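Close look at the chain arrangement
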Amino acid sequence: MLKKIPPRLARLTLIVMLLAIWEFCARKFGDPLFISPPSRVLLAVIHLARDKQVVAAVGLTCWELILAFALSVLIGLTVGLTVGLHRFTRGAMYPIVLLLYTTPLATILPLFVVVFGIGPASKIAFGVCHGVFPVIMTVVAGVQNVEPLLLRSARSMGASPRQVLFSVIFPHMIPSFFTGLRLAMTSVLFGVLLAELYVSQAGVGHWTTEFAQTFQSQNLFALVAVLAAIAVSLNEMCRWAEARFTRWHRSSASAA
Amino acid sequence: MNSRWIAQRLVQLGFVASVGILWYVITARGNVSPLLLPTLGSVCHEFLVLAAAGTFWPDLGVTLYELAAAFLIASIAGTGIGYLISRSGYAIKVFDPLLAGIYAIPAILLFPLYVLYLGVGPASKIAMGATIAFFPVVLNTTAGLHYVDRIYVTAARSMGASSRQMFWNVMLPAAFPVVLTGLRIGLISAFLSILGTETIASFSGLGHRIVELGENMDTASMFAYIIFVILISITLNSAVSVAERWGRRGQA
């Protein structure tokens, strides 16, 4: 009986029910200083959209995210290729990358603030430090997983190292590279938002602190909801890119 | 153990040594304020003082307590709910995308709300760590129990296994490695998020101590504590890998 409902519809019903319970409980029992019903959060989103300072803060954080992501990809790809392309450098440098990766970056957050200041630069730098490792690791794995047969046949047919790089290694690296991009986006989000919450002058971190300390819970919920929506859409973009650019690989692999 | 191996170790040693020498040269020439980058010697000194005096124990205790509580909550809730969901294919279709969708939201955003409700004490960090660790555990438990090879299930059933025997002797051992991976990811991410949230708003714990030393311009001690936390993190990582390998023994 229940199983006749399509899962998508059941999921939607579940979400609507949860929102309804939240709405009801918040109105009935909640203290408006601490909890806001979803309807008021929605109104607060519309209200905040008119507040120039808050919009500027959200925009600034988006810039930090995009810049940190782009830099992570650029640096990660360069380092990943340098480390991964040769067996010698892989054996020598990859353990160092892994060692650095185990460093709990949150503990050196104060250093970033000391070196880069409390402006956007420290958030971008902190985000990049989170984002480069997934890119490096997936690029190294991708380069490593190129079939030796393909490399050997390309070389035996007289391909130059450059041709091997662009025509064999790059195309075969793409699936794991896009997986790395998606993981990097998740890490960059964590890094930038953590740095924002730690100390911030004009970004969203400043406003979350402000709203929490002045008990404007509807605005706090609204800001968190907007940021969550931005995060989910950035993640979805990466997922879409991953699905889009790995499709040819899967189809060619299954054909082979 | 050939010349290549030796050369690679030499490159690694060279890298570490050059970082050390660079650090020494920069600080020895006095162009950089010791508030920004303390000398290598003073950091080593502070680290030895820290290790000898045992001043780290209270903070380490708080952080480990938060981690243990968060991980306990996340693993019980995650495996329990994951088990319930995995029992029906329909429930998986309904809940799996929902949980995966929520997992995509950076949970760190909820921290201001947690501080508002639970205060700046350990409770908000436990809640944060538990939230972050819950999702990998529940998703892996569901996936692990769901994708147990159908052949095992059919074989056990045809040999007349009761549903209880089915769970304990077939499903659980087969799903265990995947569940274990979820627990490992959960533990490590809980540790990182607890350290992170301690730096944001807290009055105890290792993350808080580092920030406090930084704000008091006691940079040498701060570096010593950072090295200490890195050592803790390496220990935790290797302990978890050992535990995972131990849990997987006898598995294909």
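**Some thoughts on the nonpolar core**
One finds Phe177(A), Leu194(A) and Leu223(A) to be the most contacted residues of the largest nonpolar core, which totals 120 residues. Here this core gets 19 residues from one element, more than from any other, and that element is helix H8 (residues 161–198) of chain A. Sequence-distant contacts of Leu223(A), defined by excluding residues within four places in its chain, comprise Leu48(A), Val54(A), Val58(A), Val204(A), Trp207(A), Thr208(A) and Phe211(A). Val153(B), Met166(B), Phe167(B) and Met171(B) belong to the second-largest nonpolar core, a separate cluster that totals 13 residues.

**Concerning the state of the cysteines**
Residue and element names in this part refer to chain A. A full pass over the atoms with the stated rule returns zero disulfides over all chains. The thiol sulfur of Cys-129 is not disulfide-bonded, and the nearest other cysteine sulfur, from Cys-238, lies at 19 Å. By relative accessible area, Cys-129 is classed as partly exposed at 24%.

**Let's talk about the packing of aromatic side chains**
Tallying each qualifying case throughout the model produces 15 aromatic pairs over all chains. Between Trp22(A) and Phe221(A) the ring centres are 5.9 Å apart and the planes differ by 45°, which places this aromatic pair in the tilted class. One end of the pair, Trp22(A), is in helix H1 (residues 7–28); the other, Phe221(A), is in helix H10 (residues 217–255), with 199 residues separating them in the sequence. Trp22(A) sits in the partly exposed class, given a relative accessible area of 31%. According to the relative accessible area criterion, Phe221(A) is buried, its value standing at 11%. The interplanar angle of 45° and the centroid separation of 5.7 Å between the aromatic rings of Trp23(B) and Phe223(B) together place this pair among those described as tilted. Of the two residues, Trp23(B) is situated in helix H1 (residues 3–28) and Phe223(B) in helix H10 (residues 219–248); the sequence distance between them amounts to 200 residues. Taking relative accessible area as the criterion, Trp23(B) reaches 17% and is therefore assigned buried. Every member of this aromatic cluster is reached through a ring pair, and the members are Phe56(B), Trp57(B), Tyr225(B) and Phe228(B).

What counts and how
Residues numbered from 1 in each chain as written. Chains lettered and ligands numbered in written order. Predicted model: local features only at pLDDT ≥ 70, side-chain atom pairs only at ≥ 80, totals over all residues. Heavy atoms only, no water. Core = buried A, V, L, I, M, F, W, Y, C linked by side-chain atoms within 4.5 Å. Buried < 20%, exposed > 50% of the residue type's maximum accessible area, 1.4 Å probe, protein only. Helix = DSSP H or I, 4+ residues; strand = E, 2+ residues; numbered from the N terminus. Contact = heavy atoms within 4.5 Å. Disulfide = S-S within 2.5 Å. Phe/Tyr/Trp six-rings, centres within 6.5 Å; stacked < 30°, edge-to-face > 60°.

The values are spatial; any link to function lies outside them.
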